[in-house]
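Fold and geometry: a report
Spelled out, the chains give:
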Amino acid sequence: IALDGENAWEHYPFNGYYFLKGLYAALADHPLLELTTLGDLLERQLPCAPLPKVVAGSWVHGTLATWIGDRDKNAGWDLLVQAKTATDEVLASGRLPPHKREWVERQLALCESSDWFWWFGDYNPYEAVRDFDLLFRHQLASLYRLLGREVPDALAHAISIGRGAPEGGGVMRRAQE
């Protein structure tokens with residue numbers, strides 16, 4: 001059982017703290033279940049069963065539209081691709097000492113988080129989009145500085161401006177009928 005623990009909790013009392021605490025306690029006490037992490041499972045080198053089919057998509061309407069496809073999301077991806085290309089060039093050069101290489105790889109991982117693109121788009125609230133847009137561009141600029149590269153001028157300009165006011169204060173779009 002794998003649990004995604006982020007999206008619905010703002011609708012639970014205390015952000016789901018007591019619900020999740022009770023759920024995890026019940027799971028931990030269950031005689032037939034063993035709690036573990038993916039990393040621990042990988043270390044145990046258990047036999048793997050092939051998946052007969054993998055479908056691209058997500059739990060959000062079964063598509064990838066939450067992360068890619070509209071103008072703002074695509075602009076964010078374009079900036080990330082440029083930063084990844086610059087990172088690959090610098091890492092391939094072999095000029096970074098191991099500790100700096102680790103910093104660069106960690107910073108790139110921060111920039112590659114899919115949630116940046118979740119927030120870009122007109123349908124999300126202005127304040128949330130503004131904050132995530134600024135943070136994303138800040139993370140990319142930090143990566144360029146670690147690489148010893150000039151920060152592109154494009155990172156001085158907003159990628160997206162939210163104009164939405166979704167029901168319930170969340171950021172989920174209704175499915176298109």
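Below: a short report on this structure.

Basis of the calculations
- Residues numbered from 1 in each chain as written.
- Predicted model: local features only at pLDDT ≥ 70, side-chain atom pairs only at ≥ 80, totals over all residues.
- Heavy atoms only, no water.
- Salt bridge = Lys/Arg side-chain N within 4 Å of Asp/Glu carboxyl O.
- Buried < 20%, exposed > 50% of the residue type's maximum accessible area, 1.4 Å probe, protein only.
- Helix = DSSP H or I, 4+ residues; strand = E, 2+ residues; numbered from the N terminus.
- Phe/Tyr/Trp six-rings, centres within 6.5 Å; stacked < 30°, edge-to-face > 60°.
- Patch = residues over 30% accessible without salt bridge, like charges linked within 9 Å, V, L, I, M, F, W, Y side chains within 5 Å.
- Areas by Shrake-Rupley, 256 points an atom, 1.4 Å probe, with all protein chains shown as cover.
- Axes fitted to C-alpha atoms, helices over the stretch in contact; angles between N-to-C directions.
- Parallel < 35°, antiparallel > 145°, perpendicular 65-115°, else oblique.
- Left-handed = near helix turned anticlockwise from the far one by under 90°.
- Contact = heavy atoms within 4.5 Å.
- Nonpolar A, V, L, I, M, F, W, Y, C, P; charged D, E, K, R; others polar.

**Description of the pattern of salt bridges**
Pairing of side chains with opposite charge becomes possible as their charged atoms draw close. Applying the stated rule across the entire model yields eight salt bridges. A salt bridge links arginine 130 to aspartate 131; its shortest N-O distance comes to 3.0 Å. Owing to a relative accessible area of 39%, arginine 130 belongs among the partly exposed residues under this scheme. Take aspartate 131: its relative accessible area is 36%, and that puts it in the partly exposed class.

**Re unusual backbone geometry**
Not every positive phi belongs to a glycine, and glutamine 45 is a case in point at roughly 50°. Note on placement: glutamine 45 falls in the loop between α2 (38-43) and α3 (71-93). According to the relative accessible area criterion, glutamine 45 is exposed, its value standing at 69%.

**Considerations on the packing of aromatic side chains**
Evaluation of the coordinates by the stated rule reveals 10 aromatic pairs. Their ring planes at 55° and their centres at 5.8 Å tell us that tryptophan 67 and tryptophan 118 sit as a pair that is tilted. Of this pair, tryptophan 67 sits in the loop between α2 and α3 while tryptophan 118 is found in helix α5 (residues 115-119), placing the two residues 51 residues apart along the sequence. By relative accessible area, which is 7% here, tryptophan 118 ends up buried. For the ring pair phenylalanine 117 and phenylalanine 136, a centre distance of 5.4 Å and an interplane angle of 70° mean the geometry is edge-to-face. With a gap of 19 residues between them, phenylalanine 117 in helix α5 and phenylalanine 136 in helix α6 (residues 126-147) connect regions that are remote in the sequence.

**Some details on a nonpolar patch on the surface**
Taken together, the side chains of Leu38, Leu41, Leu42 and Leu46 make up a nonpolar region of the molecular surface, amounting to roughly 390 Å² of accessible area. Mapped onto the elements, leucine 41 comes out in helix α2.

**Here's the deal with the packing of α3 against helix α4 (residues 98-111)**
Helix-helix packing is described using two parameters, namely the angle between the two axes and the distance between the axes. Packing of α3 against α4 brings their axes to within 11 Å, and their N-to-C directions diverge by 165°. Classified by the interaxial angle, the pair formed by α3 and α4 is roughly antiparallel. α4 is crossed by α3, and the crossing has left-handed handedness. Taken together, the residues of α4 that come into contact with α3 (itself represented by Leu80, Lys84, Thr87 and Leu91) are Arg101, Val104, Glu105, Leu108 and Cys111. Residues that form the contact of α3 with α4 fall into these classes: five nonpolar, one polar and three charged.

Nothing here speaks to function; it is geometry throughout.
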